[in-house]
Amino acid sequence: MNDAPEAAETAAGGGTEPGAAGDGGGGAETGASAGSDAGTGADASTAGGGSGEGGGEERPRRAAAAVESGTALTGKAAELLAAVRAVERGERDAAAFFPAPARAPRPRPVRSAEPPAGAGTAPEAGAGPGAGAGGEQGEPVRPREPSAEAVAAVRQVLAGAGAPEDPAARVAGQFGEGAAELLRADPWQLLAVPGVRPSQADEFARGLLESAEPGDERRVEALVGWLLAQAALRGHTALEFPALAQALSGYGVPDAEEALREAAARGGVLVFEEREEPSAAAPVPEGGEDGEEEVPVRLLLGLERYAMAEEGLADGLSRLVSTFTPPPGPAEEDAGAQGEDAAVRVADAGAWEAAAAAAPSPSAAELIRAAAGSGLVLHSGGEAARAEPAALVAAARALGLRAYAAAHTDDGRARLAGLLAAAATGPEAAAGEGRSGPGAEDPASGGAVTVRGLLAGREGPGRDPDGLLAVDVLAVLDAPQLDTEAAAALVEALPDGVRLVLSGDPGLLESAGPGRVYADVAAARVCPRVTSRTPDPGPIGELVSGVGAGELQAVAAPGKEVVIVPVQDPGEAVHRTVQLVADSVPRALGVPAADTQVIAVGHGGAAGTRVLNAALKERLNPGPGAFGGFDAGDRVVYVPAPGTAVPGLVTSGDDAGLHLDCGGTTVVVRPDRVAEAVRHGWALTAHQAAGRRWPAAVVVVPGDAEAALSRAWAYTAFSRGERHLSVVHGAGPVLARRLAEVPAPRRTTRLRGLLGAQTRA
């Protein structure tokens, strides 16, 4: 029962998408080396359709009310619906399985002054007062340690079933004081413990029960929950019925479709129904017997956690749109409305237009005008286009508004602070007078924060008496990196009438966590969208631009900005990578090894991060691994929570733990957490590197990585270098073909349909 950072790599069927959330967004192995349980033939995380890769070309789907018996549904879908609605055992009402009809936004409840649950984090022991700065170094709040009696009882149950006793404390911590009794009644509950695989839970059940059949309803429900949780590691918030049934069948469940129907009827999984509107080219559906138009329907199954997050996010975004009031004209302006106690401050239309006229570029002017007239705006563009939301925030602060720009990482925040300083146009912006709250804002930031730091209260304006963020304008950069739960928490914390701008590069990999928030908002077409016309400069920008169009083209690089290094096999790829980092790039370009980042397709394989990091450590910082496998001077990545990866440097180690320097913040990782939360970081996955840039990047593309390659992966990896990019290329023509044919790994989500339903309610 392995709980190392790689544990998430064994998601259902051993998928190859390089974005498992369990280790900060790099959990997937390359195709040949991904772990999986024997006998598994289905991958629930990728089977079945998704929301599509496009950003608005498809027509939106909408969730609907429960379908009346006998209408619209046919075949297996009708059978499942009938089974769920029957609820023969009387354990649940049918309403528990189907979403209620879409409704208008409800009045906002009175909130406490505390941030949303899960928004804050507690620092590692000994981290000091600065721990968690930037919202990334904090350690998630850990549950209370189980009692010795509870651990002993679990150990006895594990031993009685012939299972290893080592995980007893972890199992007791997962289930609480009654863990032993729970496992005796339902041994497959063990699957809820991180790192446990179905084969291990099956072995435990066989040792505990007289009869442990593959179709046991307890096993089916546990597998359904596990498969949905593993799918979430691949970015899905729900799965279609056929995909989940196929995955169950791969784990030996007899008559998997019927077993899934019964699990749904017992309330073991939430069921949702979405009506798909036909595209313009599709034939118009014929009317049914009652003359009403029949609409194609798909059934989705999901976990309550992500269902609530997506529904709350859809409600919140609709609230921002519906409660926004356009700026008043000069004659309408009420100066009293802009006082310190106003929930949202305003500026008149003339002031906004003047700010747009003074914008540094046409795209920045367009964004300022769009934000002036809407509560929700989508902005898209590359690295150079980040200056446009920075110009918006600086202009809003100059107007006396409380405006902030939030990035995904500390590195992104630092770069954003520089853009804000350059864009500051007035005395209020320069002095930071747009901020409010408990003085949390660093004056040097100019309004730049991270999303995690903003939600946790470590950065930005703080919260008002109702528990809402004291902001008038918020621009979220790196918005494609927002997962569903983070986005829901952020939107929930915003007051009515605020202006929210979601800005990002749609070509990048999507969030490490579940969801595709940015793409779903774009596809639902619920708000204005501003597309930047500012290209990324230089040979790297030209190469990345071509990749975004699905083309791998040669670019002129007179200053060696882009270098392609062909290799024949993974062993040569590792050798050339070490040579580039340690010798070639420092000698030819003057970029030291410490400023060069290696990016790999995945953790496993002969040229994955594990092998690359071992080779780079041997060359750059050899040592015995004195502190839990690490030595002072080792470059590492710290994973305080799933989906979060923070680069750092080992400074020392002692009985208190492993001491890290993470961007100037001291973090001490307890000895029992080192194996789980720290790995070497000379080489990262593209998901771990997202939101950051380095002076030089070396991207390794081995020949065995075909299944993991996509346009979004290459776009993200190739754009991490500021001055130089080396591509260690062993994939031959496969890379160009994958860029042309595979835009991004597909994800199944509900947000697009929910937003569509909100707009038509």
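Bear in mind the structure is a predicted one, so any value in this text is a computation, not a measurement. (Residues numbered from 1 in each chain as written. Predicted model: local features only at pLDDT ≥ 70, side-chain atom pairs only at ≥ 80, totals over all residues. Heavy atoms only, no water.)

1. Side note on the overall build of the chain
Of the regular secondary structure elements, the chain holds 25 helices and 20 strands. Of all 761 residues assigned to the chain, the portion counted as buried reaches 55%. Here the chain displays about 29,200 Å² of accessible surface, and carbon together with sulfur accounts for 52% of that area. (Helix = DSSP H or I, 4+ residues; strand = E, 2+ residues; numbered from the N terminus. Buried < 20%, exposed > 50% of the residue type's maximum accessible area, 1.4 Å probe, protein only. Areas by Shrake-Rupley, 256 points an atom, 1.4 Å probe, with all protein chains shown as cover.)

2. Concerning the nonpolar core
Within the largest apolar cluster, 48 residues are counted, with the highest numbers of intra-cluster contacts made by Val154, Phe204, Val224, Leu244, Leu248 and Leu260. Those elements that provide at least two residues to this core are α2 (148–160), α3 (168–175), α4 (179–185), α5 (198–208), α6 (217–233), α7 (241–250), α8 (256–265) and β4 (297–302). Setting aside anything within four residues of it in sequence, one finds valine 224 in contact with Leu244, Leu248, Leu260 and Val269. Judged by nonpolar contacts, the second largest core, of 39 residues, contains Leu320, Ala488, Tyr518 and Ala522. (Core = buried A, V, L, I, M, F, W, Y, C linked by side-chain atoms within 4.5 Å. Contact = heavy atoms within 4.5 Å.)

3. Quick word on unusual backbone geometry
Of note in the backbone geometry, aspartate 478 takes a positive phi value of approximately 55° without being a glycine. Along the chain, aspartate 478 falls in the loop between β8 (473–476) and α16 (484–492). Relative accessible area serves as the criterion here: at 11%, aspartate 478 is assigned to the buried category. The phi angle at arginine 525 is positive, at roughly 55°, despite the residue not being glycine. Within the secondary structure, arginine 525 is located in the loop between α17 (517–524) and β10 (529–531). Exposure remark for arginine 525: the relative accessible area of 54% places this residue in the exposed category.

4. Comments concerning the sheet that holds strand β7 (residues 448–450)
With parallel pairing, six strands are arranged side by side in an open sheet as β7-β6-β8-β9-β5-β10. Two strands close off the open sheet at either side, each with one partner strand: β7 and β10. Averaged over neighbouring strand pairs, the angle between their axes works out to 25° when direction is ignored. Relative to strand β9 (residues 499–504), β8 is paired through four bridges, and the arrangement is parallel. Bridged to alanine 475 within β9 is valine 501. The strands that α17 touches are β5 (376–380), β9 and β10; relative to β5, the one it contacts most, it runs at about 110°. (Pairing = 2+ DSSP bridges. Axes fitted to C-alpha atoms, helices over the stretch in contact; angles between N-to-C directions.)

5. A word on the sheet that holds strand β20 (residues 721–729)
Strand order in the open sheet formed by five strands is β11-β20-β19-β12-β18, with parallel pairing between adjacent strands. Strands at the two margins of the open sheet, each flanked by one partner only, are β11 (562–566) and β18 (683–685). Within the sheet, the average angular offset between the axes of one strand and its neighbour, ignoring direction, is 25°. As paired elements, β11 and β20 share five bridges and run parallel to each other. Residue pairing across strands places valine 565 opposite valine 728, the latter belonging to β20. Together, β11 and β20 form the strand contacts of helix α18 (residues 538–548), whose direction differs from that of β20 by roughly 55°.

6. Digging into the confidence of the model for the chain
The pLDDT averaged across the chain works out to 80; a share of 74% of its residues lies at or above 70. Within the model, the stretch residues 2–78 combines pLDDT values under 50 with 248 contacts to residues more than four positions away or in other chains. (pLDDT = per-residue confidence, 0-100.)

7. Overview of the packing of helix α23 (residues 711–718) against helix α24 (residues 733–741)
Axis separation between α23 and α24 bottoms out at 7 Å; the angle between their running directions is 110°. Relative to α24, α23 is oriented roughly perpendicular. Between α23 and α24, the residues in contact are Arg711, Ala714 and Phe718 and Leu735, Arg738, Leu739 and Ala740, respectively. A class-by-class count of the residues in the contact of α23 with α24 yields five nonpolar, no polar and two charged. (Parallel < 35°, antiparallel > 145°, perpendicular 65-115°, else oblique. Nonpolar A, V, L, I, M, F, W, Y, C, P; charged D, E, K, R; others polar.)

8. A few points about the pattern of salt bridges
The tally for this structure, following the rule as stated, stands at 31 salt bridges. Notably, a salt bridge pairs arginine 155 with glutamate 165, separated by 3.8 Å at the nearest N-O pair. Here glutamate 165 lies in the loop between α2 and α3 and arginine 155 lies in helix α2, a separation of 10 residues in the sequence. For arginine 155, a relative accessible area of 33% corresponds to the partly exposed category. Arginine 415 is the salt-bridge partner of aspartate 411, the closest N and O atoms lying 3.0 Å from each other. Of this pair, aspartate 411 and arginine 415 both sit in helix α13 (residues 410–423), four residues apart, which is roughly one turn of the helix. On the basis of relative accessibility, which here comes to 25%, the residue aspartate 411 falls in the partly exposed class. Among the ionic contacts, a cluster of salt bridges with common partners joins Glu383, Arg386, Asp411, Arg415 and Asp478. (Salt bridge = Lys/Arg side-chain N within 4 Å of Asp/Glu carboxyl O.)

9. Description of the pairing of β5
With five of five residues buried, β5 lies mostly within the body of the structure. Side chains of β5 alternate between two faces, with Leu376, Leu378 and Ser380 and Val377 and His379 buried alike. As defined by bridge partners, β5 adjoins β9 across five bridges and the pair is classed as parallel. Residue valine 377 lies in a different strand from β9, and its bridge partner there is valine 501.

10. Observations regarding the packing of aromatic side chains
Under the counting rule described, the total for this entry stands at one aromatic pair. Relative to tyrosine 251, the ring of tryptophan 226 has its centre 5.8 Å away and its plane inclined at 85°; by these criteria the two rings are edge-to-face. Of this pair, tryptophan 226 sits in helix α6 while tyrosine 251 sits in the loop between α7 and α8, and the two are 25 residues apart along the sequence. The same class applies to tryptophan 226 as to tyrosine 251, namely buried. Its guanidinium or amino end placed over the ring of tyrosine 404, arginine 397 lies 5.3 Å from that ring's centre, counting from NZ or CZ. (Phe/Tyr/Trp six-rings, centres within 6.5 Å; stacked < 30°, edge-to-face > 60°. Lys NZ or Arg CZ within 6 Å of the ring centre and 35° of its normal.)

11. Comments concerning helix α12 (residues 387–398)
Over its 12 residues, α12 runs 16 Å from end to end, which matches the ideal 16 Å to within 8%, given 1.5 Å per residue. Of all the 12 residues making up α12, 10 are buried; the element is thus mostly covered by neighbouring parts of the structure. Of the positions making up α12, those classed as buried are Glu388, Pro389, Ala390, Ala391, Leu392, Val393, Ala394, Ala395, Ala396 and Arg397. Phi turns positive one or two residues past the end of α12, at glycine 400, with a value near 90°. (Expected span 1.5 Å × (residues − 1).)

12. Some details on the side chain of asparagine 621
As for its placement among the helices and strands, asparagine 621 is situated in the loop between α20 (609–620) and β13 (635–641). Asparagine 621 gets classed as buried once you look at its relative accessible area, which sits at 18%. Among the polar contacts listed, one links the side chain of asparagine 621 to the side chain of aspartate 634, at a separation of 2.6 Å. Excluding residues that lie within four positions of it along the chain, asparagine 621 makes contacts with Leu616, Asp631, Ala632, Gly633, Asp634 and Trp682. (Polar contact = N/O pair within 3.5 Å; in protein donor to acceptor, adjacent residues only side chain to side chain.)

13. Focus on the pairing of strand β19 (residues 694–701)
Burial within β19 is extensive, with seven of its eight residues counted as buried. Across four bridges, strand β12 (residues 596–600) lies against β19 in parallel orientation. Counted as the bridge partner of glutamine 597 is alanine 697 from β19. Two strands pair when backbone bridges link them, and β19 and β20 are joined in this way by seven bridges, in the parallel orientation. Bridged to valine 700 within β20 is valine 728. Handedness of the β-α-β unit built from β19, α23 and β20 comes out right-handed. (Right-handed = clockwise from strand over helix to strand, strands pointing away.)

14. Points about the side chain of arginine 750
Relative to the assigned elements, arginine 750 resides in the loop between α24 and α25 (751–760). Classification of arginine 750 by relative accessible area gives buried; the value is 2%. A distance of 3.1 Å separates the side chain of arginine 750 from the side chain of glutamate 311, its partner in a polar contact.

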